[in-house]
Amino acid sequence: MRYFIETYGCQMNVADSELVAGLLDGSGHRRATRLEDAQIILFNTCAIREKAEKTIHNRLSQLARLKENDPSILIGVLGCMAKHLSDDLLESKPYVDMVLGPDSYRRLPQLVQDRKAEQEHIVDTRLSRFEVYDDMFPSRREGVNAWTSIMRGCDKFCTFCVVPFTRGRERSRSVAGIVAEVEEAVRQGFVEVTLLGQNVNSYQYEGTRFPDLLESVAAVPGVRRIRYTSPHPSDMDDRLLDVMVAHDNICESIHLPLQAGSDRILRRMNRSYTRSEYIRLVERIRAVMPECTISTDIIVGFPGEQDVEFQETLQVVEQLGFDSAFTFKYSIRPGTKAAEYEDQVPDEVKQERLEQLIAVQKAITLVRNRTYVGREVEVLVEKESKKSSLQWAGRTDGNKWVVFDKESARIKDFVKVHIDTSHGVALQGHIINAVDLSCQEAYHAVG
Ligand code: 5AD
Ligand code: SF4
């Protein structure tokens, strides 16, 4: 049968969808390029904020008609929302045939098979203490970056977050399994690897910690760039920074979620670090790697957040000057501790704080990006620019997007680009050297 997977949410879900695609390919199914052409339609869902859930509910509603026209179509809901909302889903969307949580994907081929015989709903949202899909190879679409999941679940229980409930306990994949997957990705022509986990620096497998794993991945021949996301500030250590410095192919770019800049709010969030510990950490990163870019996540309007406490967040943002920030209004997640707090912040206040924060960060991003004007940077060519078919877009080691005329460069080349201007979030420049043939030849030899 032909299948189509629509993916929502974080990169972990992108990686999981590739895993599911690998399973279905392996059992004789084929990927459809359009949802309309598929007999198996899977939605890999996200429950992190209410807005994500609403979007997915609306989108699922659109499938009712499809199912009416062709009842043989199999509709499945996978991922975090499946775990979080299975009863709700089946009640409001009876045309959903299958609801599978993030630890149940191995059963999918068999379930698809069984479903042909029976017309029952299938629900499996049990969480496992062990499942890491270590032996399974994802089916990746052609591209530059291979998402590689190294651990699953989260034990941090930040009070706002639903992930420990939807994805269960923290568990790590074997080093051998991860390295084998990275080697396979290189053979397939990928030049960049992003190691993924809800909490990558909690990685621990038979005594191997995250910095050691990073070293093993850095040693895989052909891996030109390694990124990882997301680390928890409390689990960052000097050894991790040393490993980043020691290996040219580990990008000097860290996504380091701050969440809030007030100690009282951080405590209420159960974040396990203080504002000054976070600031010292960023200072240490910059002392060791002056070129390292730092991005963050911030939540505004967490229950009980006073205006002065929000101002403290703004102060940290201004003091540290993040390269970019993902900013969110706090969203109540049923089942989490913060959902029970009685001092919820009104939406207008959250909205106002969000807008203020976005404006402050936008100005900082502009200033930081302007420091690149006049410099030469190495860019990995990743895709066509959205604005012009004559231009490429690619990223620097520090995760900045750069747009430039294509000239003779090809996707997956590393090119030297002179930065001419910077508007908005991207930098604009022009290529100043011939393409890096060693990489291109290696890639085309593999391809
Ligand atoms: N409301 C708003 N933002 C949230 N995040 C996680 N849970 C919530 C929530 N309930 C944000 C955090 C996290 C990012 C992935 O999503 O900032 O780092
Ligand atoms: Fe959620 Fe906190 Fe775990 Fe991140 S560390 S997934 S925010 S509980």
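Residues numbered from 1 in each chain as written. Chains lettered and ligands numbered in written order. Predicted model: local features only at pLDDT ≥ 70, side-chain atom pairs only at ≥ 80, totals over all residues. Heavy atoms only, no water.

1. Here we look at the site of ligand 2
So, step 1. Around ligand 2, the neighbouring residues are Cys154, Lys156, Phe157, Cys158, Phe160, Cys161, Val163, Pro164, Gln198, Asn199, His232 and Arg271.
So, step 2. Within the shell around ligand 2, the residues separate by chemical class into 7 nonpolar, 3 polar and 2 charged. (Near = heavy atom within 4 Å. Nonpolar A, V, L, I, M, F, W, Y, C, P; charged D, E, K, R; others polar.)

2. Digging into the side chain of glutamate 53
So, step 1. Take glutamate 53: it is sitting in helix H2 (residues 50-61).
So, step 2. Every residue in contact with glutamate 53, bar those within four places of it in the chain, is listed here: Cys46, Ala47, Met81, His84, Leu85 and Arg333. (Helix = DSSP H or I, 4+ residues; strand = E, 2+ residues; numbered from the N terminus. Contact = heavy atoms within 4.5 Å.)

3. Quick word on the site of ligand 1
So, step 1. Around ligand 1 sit Ile48, Arg49, Phe160, Gln259, Asp297, Ile299, Phe328, Lys329, Tyr330, Ser331 and Arg333, and that is every residue in its neighbourhood.
So, step 2. Interatomic distance of 2.9 Å between a backbone N/O atom of phenylalanine 160 and a nitrogen atom of ligand 1.
So, step 3. Protein contact buries 86% of the 410 Å² of open area that ligand 1 shows by itself.
So, step 4. Where the shell around ligand 1 is concerned, the elements lending two or more residues are strand E15 (293-300) and strand E16 (324-329).
So, step 5. Here the shell around ligand 1 is built from residues that sort into 5 nonpolar, 2 polar and 4 charged. (Polar contact = N/O pair within 3.5 Å; in protein donor to acceptor, adjacent residues only side chain to side chain. Areas by Shrake-Rupley, 256 points an atom, 1.4 Å probe, with all protein chains shown as cover.)

4. Re the confidence of the model for the protein chain
So, step 1. Of all residues in the protein chain, 96% attain a pLDDT of 70 or more, and the chain-wide mean is 93.
So, step 2. The model gives residues 440-447 a pLDDT under 50, and that stretch makes 12 contacts with residues more than four places away or in other chains. (pLDDT = per-residue confidence, 0-100.)

5. Focus on the domain arrangement of the protein chain
So, step 1. Assigned domains within the protein chain: domain 1 (2-124), domain 2 (130-251), domain 3 (276-370) and domain 4 (376-445).
So, step 2. Tallying the contact residues gives 5 residues for domain 3 and 7 residues for domain 4.
So, step 3. Counting each side, the surface lost to burial between domain 3 and domain 4 is near 530 Å², with a carbon and sulfur contribution of 44%.
So, step 4. The three residues of domain 3 that bury the most area against domain 4 are Thr293, Leu366 and Asn369, which together make up 75% of that side's buried surface.
So, step 5. Remark: the boundary between domain 3 and domain 4 carries 1 salt bridge.
So, step 6. Our enumeration of links across domain 3 and domain 4 arrives at 4 residue pairs in polar contact (both at pLDDT 80 or more).
So, step 7. Looking at the side of domain 3 that touches domain 4 residue by residue, the class counts come to 1 nonpolar, 2 polar and 2 charged. (Domains from an automatic or database assignment. Buried area = accessible area lost by both parts, 1.4 Å probe. Salt bridge = Lys/Arg side-chain N within 4 Å of Asp/Glu carboxyl O.)

6. Thoughts on the sheet that holds strand E7 (residues 145-149)
In sheet architecture, strand pairing relies on hydrogen bonds along the backbone and comes in two forms, parallel and antiparallel.
So, step 1. Taken in spatial order, the 3 strands make up an open sheet running E7-E10-E13, and their pairing is parallel. With one partner strand each, in any of the chains shown, E7 and strand E13 (225-229) form the two edges of the open sheet. Neighbour-to-neighbour, the strand axes of this sheet turn through a mean angle of 20°, independent of strand direction.
So, step 2. Note: strand E10 (residues 192-196) against E13, 5 bridges, orientation parallel. Residue pairing across strands places leucine 195 opposite tyrosine 228, the latter belonging to E13.
So, step 3. Packed onto the sheet, helix H8 (residues 210-218) meets E10 and E13 and runs at close to 155° relative to E13. (Pairing = 2+ DSSP bridges. Axes fitted to C-alpha atoms, helices over the stretch in contact; angles between N-to-C directions.)

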